[in-house]
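# Survey of secondary and tertiary structure
Here is how the chains run, residue by residue.
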Amino acid sequence: MTRVGVLALQGDFREHLNILDSLGVSTVTVKKPEQLGEVDALVIPGGESTTIGKMATRFGLIEPLRESIESGQPTFGTCAGMILLAGAVTEGDQPLIGALDVLVRRNAFGRQNESFEADLDVEGLDETFHAVFIRAPWVEKAGSDVEVLANVADHPVMVRQGNILASSFHPELTGDNRIHHMLLEMV
Amino acid sequence: MQTGTDRVKRGLAEMLKGGVIMDVVTADEARIAEEAGAVAVMALERVPADIRKHGGVARMADPTKIEEIQASVTIPVMAKCRIGHVAEAAVLQALGVDYIDESEVLTPADEEHHVDKWAFTTPFVCGARNLGEALRRIGEGAAMVRTKGEAGTGNVVEAVRHIRTVTNQMRALTTMDDEQLMSAARDHGAPFDLIREVASTGKLPVVNFAAGGIATPADAALMMSLGVEGVFVGSGIFKSSSPEAYARAIVEATTFWNEPEVVAKVSRGLGEAMPGIALETLGDTERLAGRGW
């Protein structure tokens, strides 16, 4: 049975566990480096990217995360997860895993008052996906190996690069498991 | 594109789960909080321990101060308005704060009504001492709840009492049939549809943090073990002898609350915690948690 780990340092990891449960895979929370070797795929949840990044640094997870992702582990990051996977952010200095060849703009749509929900066309899905964006980032610049799967106002909000999938919205908040299913297809 | 929806308002609180929200009064303190790993800061004129000491009327913070704090960090910035003070709430929304705390720590502006929170795009967090109070606030549109402790005391006993009360009251609902639920709605003074929702899910419809009296990493771990989804720390950080160390240790203890070895490790050598106050020495008028209804 496929075993999916969800990074559980901070954020909405429980919502990811619930939606993965609905897909019939076994799930486990990941807080320690040694747990990375025990899973077939990994989710980096929504949350505060600075908090998750600092905790991952202090508890020795950044390097092991980079190694397991670069060795081909299917990985899906949502919102803060997308930021942590990115190679760079437009402003500030925060710990990043850097496996995804994109430059990300944090809080790109604005503050909480500008947070929104919208129906989105996603490459590879037949029907639109109802997406929730919360103080969400967008991809400012993407490397040539990065495939853009969805846009909002010409800004990429969902991308794939090999074994890495990332969205600036939160599929874990709507109960629609089609994007998590895309991750499982990569296993 | 829809902004200000229930899902978007409640969703930000979902993203804060497992984290620590810290009271700050300056941009420098906000940077220390962010550096320590806070998920958000609460911009205030004075921390609760000082409100307690100075007395007088405690109000919303100066907009200049809120803007300085917003400019200094990338994490969400929250700010407090007085209970029922619709105009302060509107100012905070205009300033673009990420969450408004309609707070009993400030002096109430209305002794009968809370703000109609549905009318705002900015989400609200409110305090509660029991299930009825929590569901009334949610009924008014609160997108997040914090079980109240006694702010500014460094004493966790009230925070423990109130989360235990809420949990026990929720658990009791899960065994009731519809006739009993209507009677429970009357007893709790809470909307029937919310009572029925809690009875079927066994949890509040919004994220619940603990607030008030949390002063050490072990206090934070205790509150997490009682089922809250994160913690607010007020005076506990910047009234301690070493704010950077306390802030960082409380963040780490909140993530690893169920691993005592980690809580032990981060608790070592932090220096003096904030001075505490025994609750029996406070008169009824000095208790903040009783404000709000």
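Here's what I pulled together on the structure shown here. What you are looking at is a predicted structure, and each value in this text was computed from that prediction instead of being measured.

Attention shifts here to helix α12 (residues 243-255) of chain B. Residue and element names in this part refer to chain B. With 13 residues, α12 should cover 18 Å at 1.5 Å per step; its first-to-last C-alpha distance of 19 Å lies within 8% of that length. Of all 13 residues in α12, 10 are buried; the element is thus mostly enclosed. For α12, the full list of buried residues reads Pro243, Tyr246, Ala247, Ala249, Ile250, Val251, Glu252, Ala253, Thr254 and Thr255.

By size, the foremost hydrophobic cluster in this structure holds 85 residues, and its most contacted members are A:Ile97, B:Met22, B:Leu92, B:Met223 and B:Val231. In terms of residue count, the dominant contributor to this core is α12(B) (6 residues). For B:Leu92, the residues in contact, after removing those within four places along its chain, are B:Met60, B:Ile66, B:Ala79, B:Lys80, B:Cys81, B:Val97 and B:Ile100. Counting residues in each nonpolar core, the second largest holds 33 residues, with A:Ala8, A:Val122, A:Phe129 and A:Ile179 among its members.

Residue and element names in this part refer to chain A. Pairing is mixed in the open sheet, where 3 strands are placed in the order β5-β6-β9. Two strands close off the open sheet at either side, each with one partner strand: β5 (86-89) and β9 (138-142). On average, each strand axis in the sheet is inclined to that of its neighbour by 40°, with strand direction left out of account.

Per the counting criterion, the structure on display carries 33 salt bridges over all chains. Between A:Arg135 and B:Asp98 there is a salt bridge; the shortest N-O distance is 3.0 Å. On the criterion of chain membership, the pair formed by A:Arg135 in the loop between β8 (129-133) and β9 and B:Asp98 in the loop between α5 (86-95) and β5 (99-103) is interchain, its members lying in two chains. Linked through salt bridges whose partners overlap, the residues forming this network are B:Lys80, B:Asp101, B:Glu104 and B:Arg146.

Evaluated as defined, the whole model comprises 9 aromatic pairs over all chains. When the centroid spacing of 4.5 Å and the interplanar angle of 10° are considered together, the rings of A:Phe116 and A:Phe133 count as stacked. With A:Phe116 in strand β7 (residues 116-120) and A:Phe133 in strand β8, this residue pair connects regions lying 17 residues apart in the sequence. For A:Phe116, a relative accessible area of 2% translates into the label buried. Accessibility expressed as a relative area gives 1% for A:Phe133, which makes it buried. Arranged with centres 5.7 Å apart and planes meeting at 65°, the rings of B:Phe209 and B:Phe232 form a pair that is edge-to-face.

Facing 36 residues of chain A, the contacting portion of chain B comprises 41 residues. Summed over both partners, the interface of chain A with chain B buries about 3200 Å², with 53% contributed by carbon and sulfur atoms. Sorting the residues of chain A by area buried against chain B places A:Arg58, A:Asn113 and A:Glu117 first, and these three jointly supply 20% of that buried surface. Put simply, chain A and chain B have 7 salt bridges between them. A:Glu15 serves as the salt-bridge partner of B:Lys17, at 2.8 Å between the closest nitrogen and oxygen. Taken together, the connections running from chain A to chain B amount to 25 residue pairs in polar contact (both at pLDDT 80 or more). Element by element, the count of residues in the side of chain A that touches chain B is highest for helix α2 (residues 49-58) of chain A, at 5 residues. Broken down by class, the residue content of the side of chain A that touches chain B amounts to 10 nonpolar, 13 polar and 13 charged. Two strands pair when backbone bridges link them, and β7(A) and strand β1 (residues 2-3) of chain B are joined in this way by 2 bridges, in the antiparallel orientation. When the sheet's bridge partners are listed, A:Phe116 is paired in β1(B) with B:Thr3.

Following the sequence through the fold, A:Glu70 ends up in helix α3 (residues 62-70). Sequence separation between A:Glu70 and A:Ile164 is 94 residues, and the spatial gap between their C-alpha atoms is 9.3 Å.

Cut-offs applied
- Residue positions within a chain follow its written sequence, with the count starting from 1.
- Chain labels run from A onward and ligand labels from 1 onward, assigned in the order the entries are written.
- Under the rules for a predicted model, residues below a pLDDT of 70 receive no local features and side-chain atom pairs below 80 are neither given nor counted, while totals for whole chains, interfaces and linings still include all residues.
- Only hydrogens and water are set aside when side-chain values are computed; all heavy atoms of the structure are taken into account.
- Strands are runs of DSSP state E lasting at least two residues, helices are runs of H or I lasting at least four, and both sets are numbered from the N terminus onward.
- How far a helix is expected to stretch is found by multiplying one less than its residue total by 1.5 Å.
- Exposure is judged per residue with a 1.4 Å probe applied to protein chains only, and the accessible area is read against the type maximum: over 50% gives exposed, under 20% gives buried, and values in between give partly exposed.
- Take the buried Ala, Val, Leu, Ile, Met, Phe, Trp, Tyr and Cys residues and link them wherever side-chain atoms come within 4.5 Å; each set so joined is a nonpolar core.
- Contact between two residues is taken to exist if any of their heavy atoms lie within 4.5 Å; hydrogens are not considered.
- In short, DSSP must find at least two bridges between two strands for them to pair.
- Helix axes are fitted only over the stretch in contact, all axes being lines through C-alpha atoms; the angle between N-to-C directions runs from 0 to 180 degrees.
- Any Lys or Arg side-chain nitrogen located within 4 Å of an Asp or Glu carboxyl oxygen qualifies as a salt bridge.
- Here is the rule: rings of Phe, Tyr and Trp (six-membered ring for Trp) pair when centre to centre is within 6.5 Å. Planes less than 30 degrees apart are stacked, more than 60 are edge-to-face, and the remainder are tilted.
- Buried surface area refers to the total accessible area, computed with a probe of radius 1.4 Å, that the two partners give up upon joining, counted for both partners together.
- Throughout this description, a polar contact denotes any pair of N or O atoms lying within 3.5 Å of each other; where both atoms belong to protein, one of them has to be capable of donating a hydrogen while the other can accept it, and for residues adjacent in sequence the pair is counted only when both atoms sit in side chains.
- Each residue is assigned to one class: nonpolar for Ala, Val, Leu, Ile, Met, Phe, Trp, Tyr, Cys and Pro, charged for Asp, Glu, Lys and Arg, and polar for all the others, Gly among them.

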